[in-house]
Amino acid sequence: MEEIKLISRILLWSFQIAAFIAAILTWPKYKNTTQNTFLYFLGFVIIIEFLGYFLPNQFGVKSAYIYNPFIVISGFYYLFWFYKILKIKKLAIILFTVFILVIINAIFLENATKIWKSPLIILALLILINSTVFYSKLLNKKEVVYYNNNPEFWIVTGLIIFHIGILPLFLFQKYLGIGAFYFRITIAILNLILYGCFITSFLCLRKK
Amino acid sequence: MSKEEIIFLSLFCIVLLVVFSIVFLFATFNNRKNKLLQEQLESKLNNQKRQHELELNALRAQMNPHFVHNSLNAIQYYIQLNEVEKSEDYLAKFSKLMRQFFEYSRKQSISIENEIGLLKNYLDIEKLRFEDNFNYYLKIDKALDTEELFLPPMILQPILENAINHGIFHKEGQGELIIEFTSLNESSFKVEVIDNGIGINKAKAMNLQKLQTHTEHSSYVLEERLMLLKESKNWNIDFKIIDRSLNSNQTGTKVTLVFKDDLNVEDYDH
């Protein structure tokens with residue numbers, strides 16, 4: 001059990017680091033695009049993963065204290081990125097408001113020592129809405145012919161697959177148990193798909 | 001249902017959902033991509049088809065029966081006068097012109113030098129028909145590289161034919177036609193066809209009275225051909241036609257063609 005946990009963690013780190021390296025190597029190709037903040041975001045993800053492993057193991061800090069703020073920051077980051085690519089102000093205002101209300105609710109009503117459930121579930125739904133709008137817009141553009149060379153497409157695809165998987169996982173959480181083996185394995189696989197798509201989004205810039 | 005069964009069922013549903021989402025997503029995008037590509041291909045094919053039709057029309061316009069009939073009549077006239085050398089000379093020019101028409105109509109582009117050769121042959125035969133009432137002058141800029149610069153085949157001949165048949169033909173007295181090739185830069189050049197005929201406005205009015213549509217038809221064919229050549233992205237040609245009486249006290253028509261530098265020279269002919 002411990003071995004599998006370690007292997008899945010190492011695999012996850014490798015993918016996150018690979019995505020960060022791909023982001024550094026292809027930086028000149030996307031530094032003037034809407035994806036230019038992803039380099040810093042991926043760096044931030046690596047720091048969080050390091051702290052999420054190091055602090056609980058060395059100082060007994062609850063991992064929720066690290067991952068809950070991460071869920072909030074990454075949620076805002078994704079929503080802001082979607083706003084930048086979709087440029088629909090009304091939709092962004094509604095989605096930001098919903099997310100802020102859910103976070104306020106979590107701060108006051110959820111246990112801070114455990115991973116917050118409601119912000120994750122709502123964030124997954126908000127990303128599904130944004131992704132649907134993005135896909136419908138892309139399908140009506142001529143650029144759809146080169147969709148597999150479109151970095152935005154790969155990032156959105158990674159996000160949508162990750163959140164489609166995460167949504168039922170958290171809904172059935174009480175049956176699975178948050179620290180359970182299957183739960184961890186599924187989270188790890190979904191993360192691999194997410195960062196795999198991020199890597200593809202940077203590599204497709206080279207083909208362009 | 002035991003806890004294990006619930007876990008497996010949940011995970012199975014998640015995997016199924018993820019796989020289904022991926023398949024659905026890529027299938028939708030691939031379908032849309034294929035549909036767009038097919039539409040683009042169809043539009044490209046239609047354009048090509050239209051271009052070929054226009055090229056065929058251009059060839060038909062050049063090979064118009066009046067021209068063949070008049071040229072052969074003129075040659076026959078010299079034979080009857082027993083001017084064997086002259087008639088042989090013109091017959092040779094005529095057969096060479098026919099050969100050039102067929103040969104160049106198959107090409108995507110021809111050099112200016114070859115186009116000038118074709119025009120000379122054509123104008124010599126027309127000169128035969130008009131006898132001493134018609135003169136032409138070919139002015140070629142010395143800076144112009146006539147061997148290395150190209151233009152679509154048979155793009156100038158219909159303009160000359162219009163100038164002669166609808167401009168100079170109706171004019172009393174000496175008809176003059178000037179064809180001037182000017183270099184604009186290394187890869188761009190300008191061609192001006194200036195005649196001293198009755199002018200395009202009068203010619204149009206006359207054709208309207210006679211219910212003739214040949215002039216309008218040939219200029220329409222030419223303009224549409226130029227537009228399709230532009231759409232093909234291989235050629236960028238500006239076309240302008242003015243009645244000279246509008247800007248000066250001279251009569252006639254001035255046609256200006258500007259061949260810009262993004263020309264395709266893949267299928268050129270030296």
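Rules behind the numbers
Residues numbered from 1 in each chain as written. Chains lettered and ligands numbered in written order. Predicted model: local features only at pLDDT ≥ 70, side-chain atom pairs only at ≥ 80, totals over all residues. Heavy atoms only, no water. Helix = DSSP H or I, 4+ residues; strand = E, 2+ residues; numbered from the N terminus. Buried < 20%, exposed > 50% of the residue type's maximum accessible area, 1.4 Å probe, protein only. Contact = heavy atoms within 4.5 Å. Areas by Shrake-Rupley, 256 points an atom, 1.4 Å probe, with all protein chains shown as cover. Phe/Tyr/Trp six-rings, centres within 6.5 Å; stacked < 30°, edge-to-face > 60°. Pairing = 2+ DSSP bridges. Axes fitted to C-alpha atoms, helices over the stretch in contact; angles between N-to-C directions.

A few words now on the overall build of chain B. Broken down by element type, chain B carries seven helices and seven strands. Each helix (α) and strand (β) of chain B, taken in turn from the N terminus, gives the series α-α-α-β-α-β-β-α-β-β-α-α-β-β. Looking at chain B residue by residue over its 270 residues, the buried ones come to 42%. The contacts in chain B between residues at least 6 apart in sequence include a share of 74% that link residues at least 24 apart. Total accessible area computed for chain B in this model is approximately 15300 Å², and 53% of it derives from carbon and sulfur atoms.

Before going further, it helps to examine the environment of B:Ile194. Residues and elements named next belong to chain B. Mapped onto the fold, isoleucine 194 is located in strand 5 (residues 189-195). With relative accessibility at 14%, the residue isoleucine 194 sits in the buried group. For the pair formed by isoleucine 194 and aspartate 243, sequence separation is 49 residues and the distance between their alpha carbons is 9.9 Å. Other than its neighbours up to four places away in sequence, isoleucine 194 contacts Glu176, Leu177, Ile178, Arg244, Thr253 and Lys254.

Attention shifts here to the packing of aromatic side chains. Applying the stated criterion to the full structure yields 33 aromatic pairs over all chains. Aromatic side chains A:Phe38 and A:Phe41 sit 6.2 Å apart centroid to centroid with 75° between the ring planes, which places their arrangement in the edge-to-face category. Of the two residues, A:Phe38 and A:Phe41 are both situated in helix 3 (residues 38-59); the distance of three residues between them amounts to about one turn of the helix. For the pair A:Phe38 and A:Phe41, one class covers both residues: buried. Where A:Tyr135 meets B:Phe29, the ring centres are 5.4 Å apart and the plane angle is 70°; that geometry is what we call edge-to-face. With A:Tyr135 in helix 6 (residues 118-139) and B:Phe29 in helix 1 (residues 3-62), the pair connects residues from two separate chains. For the pair A:Tyr135 and B:Phe29, a shared accessibility class is recorded, and that class is buried. Every member of this aromatic cluster is reached through a ring pair, and the members are A:Phe38, A:Phe41, A:Tyr77, A:Tyr78, A:Trp81, A:Phe82, A:Tyr195 and A:Phe198.

Residues and elements named next belong to chain B. One open sheet accounts for five strands, arranged 2-4-5-7-6; its pairing is mixed. Taken across any chain shown, the strands that pair with only one partner, and hence form the sheet edges, are strand 2 (134-140) and strand 6 (237-243). With direction set aside, neighbouring strand axes in the sheet form an average angle of 10°. Against the sheet, helix 4 (residues 112-130) makes contact with strand 2, strand 4 (175-183) and strand 5, and its axis sits at roughly 165° relative to strand 2, the strand it touches most. Sitting on the sheet, helix 5 (residues 157-168) touches strand 2, strand 4, strand 5, strand 6 and strand 7 (253-259), and the angle it makes with strand 4 is about 155°.

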